[in-house]
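Results of the structural survey
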Amino acid sequence: MKKVYFAILLLLIFGGGLAFIKFNPPIEIGTLGYSEDNKSVVVGIGNNGFRNLKIVEVVVNQHEKASDVKIQKSNALQGFIVTDDFRNVEAKEYVFTDMKQVSIKSGTSPSANFEKLDEGMASENDEIYGISVIHPNAIHTVHIKYKYFGMSFNETVEIL
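Below is a summary of the structure that appears in this document. A quick note: this is a predicted structure, and the numbers were derived from the prediction, not measured. (Residues numbered from 1 in each chain as written. Predicted model: local features only at pLDDT ≥ 70, side-chain atom pairs only at ≥ 80, totals over all residues. Heavy atoms only, no water.)

Some thoughts on the nonpolar core
Counting 27 residues, the largest nonpolar core has Ile 45, Ile 55, Ile 131, Val 133, Val 142 and Ile 144 as its most contacted members. At the level of elements, strand S2 (40-47), strand S3 (53-60), strand S5 (68-75), strand S8 (127-134), strand S9 (141-148) and strand S10 (151-158) are the ones that each hand at least two residues to this core. Residues Ile 81, Phe 86, Tyr 94 and Phe 96 belong to the second largest nonpolar core, which totals 6 residues. (Core = buried A, V, L, I, M, F, W, Y, C linked by side-chain atoms within 4.5 Å. Buried < 20%, exposed > 50% of the residue type's maximum accessible area, 1.4 Å probe, protein only. Helix = DSSP H or I, 4+ residues; strand = E, 2+ residues; numbered from the N terminus.)

If you want it as structure tokens, here you go:
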């Protein structure tokens with residue numbers, strides 16, 4: 001009988017954990033930057049969860065495939081760059097990586113980094129991530145699909 005109670009308890013804990021994760025997604029949207037013509041944008045993201053998350057897909061507007069999508073990895077002092085060419089002179093000072101090769105580390109909440117900046121406590125060790133998107137038409141919406149603990153999540157960001 002004790003084994004049955006123990007099994008039920010484990011199921012409740014596991015189910016409660018899954019429900020908590022599902023109703024408290026780990027991704028946090030921070031900085032939003034875009035070019036004058038809205039054909040290139042940067043969506044600052046962070047992870048306030050317990051473990052790394054993986055960006056699976058980024059599409060724009062009405063779920064159109066973007067021309068190019070990269071993850072910018074920077075630090076709170078350097079920030080991000082909005083660019084329509086990842087290889088131009090200004091962009092060379094920033095790190096752009098294919099999204100399939102990057103996991104967004106836990107503890108990279110944009111709000112925590114903004115707080116550190118406001119207090120003058122930010123450093124080059126404070127990692128920040130941005131999704132850089134280039135598209136031939138104006139970008140109005142960025143749809144981000146990601147995985148966390150094996151579950152899929154979607155986040156939609158409206159560009160003003």
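A word on the side chain of Asn 38
Among the secondary structure elements, Asn 38 is positioned in the loop between strand S1 (27-34) and S2. In this structure Asn 38 comes out as buried when scored by relative accessible area, which is 10%. For Asn 38, the contacting residues outside a window of four places in its chain are Asn 137, Ala 138, Ile 139, Ile 159 and Leu 160. (Contact = heavy atoms within 4.5 Å.)

Re the pairing of S2
The buried fraction of S2 amounts to 8 of the 8 residues, a majority that puts the element mostly inside the structure. Burial along S2 is two-sided: Ser 40, Val 42, Gly 44 and Gly 46 and Val 41, Val 43, Ile 45 and Asn 47, pointing in opposite directions, are all buried. By the bridge criterion, 6 bridges tie S1 to S2 in an arrangement that is antiparallel. Each bridged residue has a counterpart across the sheet, and for Ile 29 the counterpart in S2 is Ile 45. (Pairing = 2+ DSSP bridges.)

The analysis is restricted to geometry; functional conclusions fall outside its scope.
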